[in-house]
Amino acid sequence: MDFLHNISPARLEELYLLWRQAPQRLGADWQAFFAGFELAGAEPAPMAPEVALRQSAVQSLIYRYRDIGHLLACTDPLSPCKVDHPLLSLSAFGLGAADLDQVFHTRRFMKKSATLREILAVLRETYCRSIGVEFMHIQEPAERQWLIDRMEPVRNRSSFTPGERIAILAKLKEATMFEGFLHRKFPGQTRFSLEGGEVLIPLLDEAVSHAAHLGVTDLVLGMPHRGRLTVLAAVFRRPLENLLAEFGDNAEHGVVGEGDVKYHRGFSTNFTVADGSTIHLTMATNPSHLEAIDPVLEGKCRARQDRRGGGAGVLPVLIHGDAAFSGQGVVAETFNLSQLEGYRTGGTLHVVVNNQIGFTTLAAAARSSCYATDVAKMVMAPIFHVHGEDPEAAVHVLRLALDYRQAFARDVVIEVICYRRYGHNEGDEPYFTQPLMYEKIKDRPPVAELYARTVAEQGVDEERIAGLEGEITARLEGALGRKAAPVDEGFAGEWSGVQRDYAHLAVETGVKKERLQVLAGLLSQVPAGFTPHPKIMALLEKRREAVTQGEGIDWGNGESLAFASLLAEGISVRLSGQDVRRGTFSQRHAALFDMKTEKPCAPLAATAREGAAFYVYDSMLSENAVLGFDYGYSLESPAALVIWEAQFGDFANGGQVVIDQFVASGEAKWERVSGLVMLLPHGYEGHGPEHSSARIERYLQLCADNNLQVATPSTPAQYFHLLRRQVKQPFRKPLIVFTPKSLLRHPRCVSPLADLETGPFREVLGDGANPAKVRAVLLCSGKIFFELLERKEREGRDDVAIIRIEQLYPLRTDLLGEALAQYRSAGHFVWVQEEPANMGGWNFLRPQLAEILGEEPGYVGRPAAASPATGSHRLHKEEQGRVIEEAFSAA
């Protein structure tokens, strides 16, 4: 054993004593060595030192095969199998051929004693054939032993009946023939073929059957474009005529809105497996941005689990490519979510289809790690590497992986090592960049052909094998001649009562005074024995008094009352994001913490009617994955208020892929409707370029066809009604809210209780100026209104009217026109903003204001700039003062 070379007896004794006291302070090899040494010493007859050393060496050998036996596994169809590894040779443990027939006692092995030859056979057959396993990084001994007990006794193989083998072969042939059929019937059309990785199909088919057998009621799948059409046809049983109609780009196939390419679309269906169990299958829609679907899918699953009160029955399954799995940071972010209270989903099955190339890039240029799957070790997930041309091994590993997930509610990873028969798409020429790899692939028979030979050799009727092809061909040809079945996927199930189109509706959102006072009382109470921070208790009491007195309701109070009133009506509320329980600016305090125990309590939970729940979670420090998760959650929760809040609105661009590909365009592309609320703190207070702007202009640029709602409420009452409107209106659209920072404690930014009693949310607000006196109109949005108002009142400028646009999109041109019509005699109309001219709302609103006014409005604000704001507080004050000065000079 290498680690014993040149070690003195005294040092060996010292390490042994350390192992007895604190074994975790020694490496794995030393731990295994001393465990074996003690096992040897426990025998009734004393052993010679050299025998005890060999006994310990065998125990170390067992440990090391479990730890790195995967390095000898034969899992790559394009490379010869390895026959030895220096760390696994007998000489590495001080053993040799003479020891092979010696009997050794073992610890935590399937037999209490065995010859070294028997031990090696078990270990090599278990860990070094067509399945390689990484699991010794798992820190929980019970989980490691659970896996050992299920792998070593059966040598990591399952026994298959002739019927099961035929079923596997049928799925392989179905995949191969479907791809070939598309290639012949629709030449030149991109389909992102699965060929070379067809073993994925029997693996997923078994996932459906085995999951149903384990009691899973919902399997929700997210995957990239490669192989998606084959999975839809062979696993999800999507009507073939619909898939083929999409290749013909027929209107019959059911595209609504802008639509998307065929290999991005999703599908859902109910399926009954062989044992009679029924399972609902969902394939999530996704963009070409690889791995962007990961957190979205997890959010979808968590919403279903919350609705049903448990996690084991909803199974998230994510299919990955090798290059994306190791290269995309959202993969690590999604793993990080997997054990967090507000985001865990009871374990996800990850299947990495490793075709050993990313577009034209080989692994040596794509990752620094040994395996594409090494990122999964961060959450101690077991990882199974399986040969892509051994379908029985793939099915066996799938069963083991799902059993592990159900037992431990943790993620598990299967890596199928295969190849890609063609280029990145069917029109790509892979020989330009990988001539040697594709010379190996060129004449390689499909896995269906290889497995057919194996099945025939095992005695399965060859006529039955031959008959499969005729059955599959008949199905494909028959589908080509049929019309596509009608589909209506976007507004089914939970969404069946949701209106499709946006409408300007005066939704009643007011709440009676008496109800608000009761809720305020509940929000100021804590459980018996709970010791709150005295300042927080004083804040809650101040909020209650404001409601009782009917005056001075601030932003945090208005928000709490909006949440409480919805919960009391049976509407669940989920609020998620960085530091949202307290709030970035210490304004919310949705969770209180006991000063003696740090145990939290949420007074809002006490306001919830039966059937409703209040969820508030501080998220990990990520925008991309957490926003994606909450967007996914909203897709499954039309009846709930689902909110993601950025720590600062500036940071939301960390989730730009989710915003662009899902939030803004998901309905147009896929008919996937979301009522997600994004709260983005925004405002210029001299805090620099990364703490000033939530980039209003970017969201407005994404607006078209009433796809988003973009609002800048300026009072607590407006915010109260806006939140309630989001779940009261009959349709669902994402709501982008630019929320304040300094206004949270501004003495003028308060509302009377009467304003909460009567709604609705008002998209345009005037300041009550007398039209007969007004000579200039200032239009604005957000915080700057209060600075303009202060200047107007200080100077007694009755000749100036200030109009606030509270909803920037969809712009209520009718209401804005009515507000402006009062001031037809005014000589000046000016848009005022604190953002630079190339940012904020100016460029979006300018043509619309010109159309309403019949003339070009003036502009007052910062000049165009590359950075949103200055980093100098002095310069900020000068710039802000200049904006206000120019606004009134223009007036």
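As the structure is a prediction and not an experimental result, all values here were calculated from the model.

Colleague: It is not clear to me how the overall build of the protein should be interpreted in this structure. Could you clarify?
Modeller: A tally of helices and strands in the protein yields 30 helices and 24 strands. Projected onto the principal axes, the alpha-carbon positions of the protein cover approximately 110 × 75 × 50 Å. In the protein, which comprises 891 residues, the proportion classed as buried is 58%. Here the analysis covers contacts within the protein between residues at least 6 apart in sequence; of these, 78% occur between residues at least 24 apart. Of the charged side chains in the protein, 94 are positive and 112 negative, and the gap between their average positions amounts to 3 Å.

Colleague: What's the story with the packing of aromatic side chains in this structure? I'm lost.
Modeller: For any pair of aromatic rings, geometry is given as the distance between the ring centres together with the angle between the planes. Within the structure shown, the criterion is met by 22 aromatic pairs. Judged by centre distance (5.9 Å) and plane angle (80 degrees), the ring pair of Phe 325 and Phe 335 falls under edge-to-face. Of this pair, Phe 325 sits in helix α11 (residues 322-327) while Phe 335 sits in helix α12 (residues 329-337), and the two are 10 residues apart along the sequence. Following the ring pairs from residue to residue traces out a cluster consisting of Tyr 343, Tyr 615, Tyr 617 and Phe 629. The positively charged end of Arg 574 is found above the aromatic ring belonging to Tyr 633, 4.7 Å away from the centroid. Geometry around Phe 785 places Arg 804 over its ring, the cationic atom sitting 3.7 Å from the centre.

Colleague: Looking at this structure, I do not really get the sheet that holds strand β19 (residues 764-765). What am I missing?
Modeller: Backbone-to-backbone hydrogen bonds pair the strands of a sheet. The strands run either parallel or antiparallel. Strand order in the open sheet formed by 5 strands is β19-β21-β20-β23-β24, with mixed pairing between adjacent strands. This sheet does not close on itself; its edge strands, each paired only once, are β19 and β24 (858-862). Bridge analysis of strand β20 (residues 776-780) against strand β23 (residues 828-836) gives 4 bridges, and the strand direction is parallel. From the neighbouring strand, Leu 778 faces β23, where its bridge partner is Val 830. The strands touched by helix α28 (residues 813-821) within the sheet are β19, β20, β21 (800-805) and β23, with β21 carrying the most contacts at an inclination of about 175 degrees. Helix α30 (residues 873-890) contacts β20, β21, β23 and β24 of the sheet and is inclined by roughly 165 degrees relative to β24.

Colleague: When you look at the environment of Asp 149 in this model, what are you seeing that I'm missing?
Modeller: Structurally, the position occupied by Asp 149 is in helix α5 (residues 141-151). In the structure, Asp 149 is positioned 40 residues away from Phe 109 in sequence and 8.6 Å away in space, judged by C-alpha atoms.

Colleague: Explain unusual backbone geometry here, please?
Modeller: Glycine aside, negative phi is the norm for most residues, and most peptide bonds take the trans geometry. Here the residue pair Gly 759 and Pro 760 is connected by a cis peptide bond, since its omega of 0 degrees sits within 30 degrees of zero. Tracing the backbone shows Pro 760 in the loop between α26 (753-757) and β19. Even without being a glycine, Gln 356 presents a positive backbone phi close to 70 degrees. By the element assignment, Gln 356 lies in the loop between β8 (349-354) and α13 (363-366). Here the phi dihedral of Glu 598 falls at roughly 65 degrees; this positive angle occurs in a residue that is not glycine.

Colleague: I keep staring at the state of the cysteines and nothing clicks. Help me out?
Modeller: Put plainly, two cysteines are in a disulfide when a covalent bond ties their sulfur atoms together. With the rule as written, the count across this model stands at 1 disulfide. Cys 74 shares a disulfide with Cys 81; S-S distance 1.6 Å. Overall, Cys 81 belongs to the partly exposed group, its relative accessible area being 44%. In this structure Cys 370 is not part of a disulfide, and its nearest cysteine sulfur, from Cys 128, lies 14 Å away.

Colleague: Teacher, can you tell me more about the sheet that holds strand β6 (residues 278-283) here?
Modeller: Overall, mixed pairing links the 8 strands, which are arranged β3-β9-β10-β8-β7-β4-β6-β5 in an open sheet. Looking at which strands have only one partner, the edges of the open sheet turn out to be β3 (131-134) and β5 (267-272). For this sheet, the mean inter-axis angle between neighbouring strands, taken without regard to orientation, is 20 degrees. The pairing of strand β9 (residues 383-387) with strand β10 (residues 412-417) spans 5 bridges and is parallel. Bridge pairing links Ile 383 to Val 413 in β10. Docked against the sheet, helix α10 (residues 293-308) engages β4 (218-222), β6 and β7 (314-321), running at close to 175 degrees with respect to β7.

Colleague: How should the packing of α5 against helix α14 (residues 391-408) be read in this particular structure?
Modeller: Any two packed helices are characterised by the angle at which their axes cross and by the distance between the axes. It is the contact of α5 with α14, at a shortest axis distance of 12 Å, that shows an interaxial angle of 150 degrees. Considered as vectors, α5 and α14 are oriented roughly antiparallel to each other. The hand of the α5/α14 crossing is right-handed. Note on element contacts: α14 touches α5 through Leu 400, Asp 403, Tyr 404, Ala 407 and Phe 408, opposite Ala 142, Glu 143, Trp 146, Leu 147, Arg 150 and Met 151. When grouped by side-chain class, the residues that make up the contact of α5 with α14 number 8 nonpolar, no polar and 3 charged.

Colleague: Please clarify how the pairing of β9 should be interpreted in this entry.
Modeller: The two faces of a sheet get side chains in turn, since along a regular strand they alternate between them. Most of β9 sits inside the fold, with 5 of its 5 residues counted as buried. Going residue by residue along β9, you find Ile 383, His 385 and His 387 tucked away on one face and Phe 384 and Val 386 tucked away on the opposite face as well. Pairing of β3 with β9, which is carried by 4 bridges, proceeds in the antiparallel orientation. Residue pairing for β9: Val 133 is matched across the bridge by Phe 384. For the handedness criterion, the β-α-β arrangement of β9, α14 and β10 is classed as right-handed.

Colleague: In this structure, what is going on with the pattern of salt bridges? I would like to understand it.
Modeller: Opposite charge on two side chains permits pairing when their charged atoms draw close. Going through the model one piece at a time under the given rule, you end up with 57 salt bridges. With a shortest N-O distance of 3.6 Å, Arg 399 and Glu 164 are connected by a salt bridge. Taken together, the residues Arg 399 in helix α14 and Glu 164 in helix α6 (residues 162-185) connect sequence positions 235 residues apart. According to the relative accessible area criterion, Glu 164 is partly exposed, its value standing at 30%.

Colleague: Would you take a moment to explain the packing of helix α7 (residues 200-213) against α14 for this structure?
Modeller: Where α7 meets α14, the closest approach of the two axes is 9 Å, and the angle between their N-to-C directions is 35 degrees. The way α7 lies across α14 gives a crossing that is right-handed. The segment α7 lies against α14, with Pro 202, Leu 203, Glu 206, Ala 207, His 210 and Ala 211 engaging Ala 394, Val 395, Leu 398, Arg 399, Leu 402 and Asp 403. The residue makeup of the contact of α7 with α14, split by class, is 8 nonpolar, 1 polar and 3 charged.

Colleague: Please clarify how α5 should be interpreted in this entry.
Modeller: An α-helix turns once per 3.6 residues; consequently, residues spaced three or four apart project the same way. The set of residues buried in α5 consists of Glu 143, Trp 146, Leu 147, Ile 148 and Met 151. Buried residues along α5 sit in contact with α3 (49-68), α4 (116-127), β3, β9 and α14.

Colleague: Teacher, can you tell me more about the environment of Gln 517 here?
Modeller: Tracing the sequence through the fold places Gln 517 in helix α18 (residues 513-523). Gln 517 sits 30 residues away from Val 547 along the chain, and the two C-alpha atoms are 6.0 Å apart. Contacts of Gln 517, omitting those with residues within four sequence positions, involve Val 547, Thr 548 and Leu 753.

Colleague: What exactly am I supposed to notice about the side chain of Ser 524 here?
Modeller: Relative to the elements of secondary structure, Ser 524 occurs in the loop between α18 and α19 (534-549). In this structure Ser 524 comes out as buried when scored by relative accessible area, which is 8%. A distance of 2.8 Å separates a polar atom in the side chain of Ser 524 from the backbone oxygen of Gly 521. In this structure Ser 524 touches Met 537, Leu 540 and Arg 544, once residues within four positions along its chain are discounted.

Colleague: Which parts of the structure should I look at to understand the environment of Ala 448?
Modeller: Topologically, Ala 448 is positioned in helix α16 (residues 447-457). For the pair Ala 448 and Thr 176, spaced 272 residues apart in the sequence, the C-alpha separation amounts to 7.1 Å. With residues up to four places along the chain from it excluded, the contact list for Ala 448 reads Leu 169, Leu 172, Lys 173 and Thr 176.

Colleague: How should I be thinking about the pairing of β10 in this particular structure?
Modeller: Most of β10 is tucked away: 6 of the 6 residues are buried. With burial as the criterion, each face of β10 is covered, one bearing Val 412, Ile 414 and Val 416 and the other bearing Val 413, Glu 415 and Ile 417. The sheet contact formed by β8 and β10 spans 6 bridges and is parallel. Opposite His 350, over in β10, you have Val 413 as the bridge partner.

So, how was this worked out
- Residues numbered from 1 in each chain as written.
- Predicted model: local features only at pLDDT ≥ 70, side-chain atom pairs only at ≥ 80, totals over all residues.
- Heavy atoms only, no water.
- Helix = DSSP H or I, 4+ residues; strand = E, 2+ residues; numbered from the N terminus.
- Buried < 20%, exposed > 50% of the residue type's maximum accessible area, 1.4 Å probe, protein only.
- Contact = heavy atoms within 4.5 Å.
- Lys, Arg positive; Asp, Glu negative; His and termini not counted.
- Charge placed at Lys NZ, Arg CZ, Asp CG, Glu CD.
- Phe/Tyr/Trp six-rings, centres within 6.5 Å; stacked < 30°, edge-to-face > 60°.
- Lys NZ or Arg CZ within 6 Å of the ring centre and 35° of its normal.
- Pairing = 2+ DSSP bridges.
- Axes fitted to C-alpha atoms, helices over the stretch in contact; angles between N-to-C directions.
- Disulfide = S-S within 2.5 Å.
- Parallel < 35°, antiparallel > 145°, perpendicular 65-115°, else oblique.
- Left-handed = near helix turned anticlockwise from the far one by under 90°.
- Nonpolar A, V, L, I, M, F, W, Y, C, P; charged D, E, K, R; others polar.
- Right-handed = clockwise from strand over helix to strand, strands pointing away.
- Salt bridge = Lys/Arg side-chain N within 4 Å of Asp/Glu carboxyl O.
- Polar contact = N/O pair within 3.5 Å; in protein donor to acceptor, adjacent residues only side chain to side chain.

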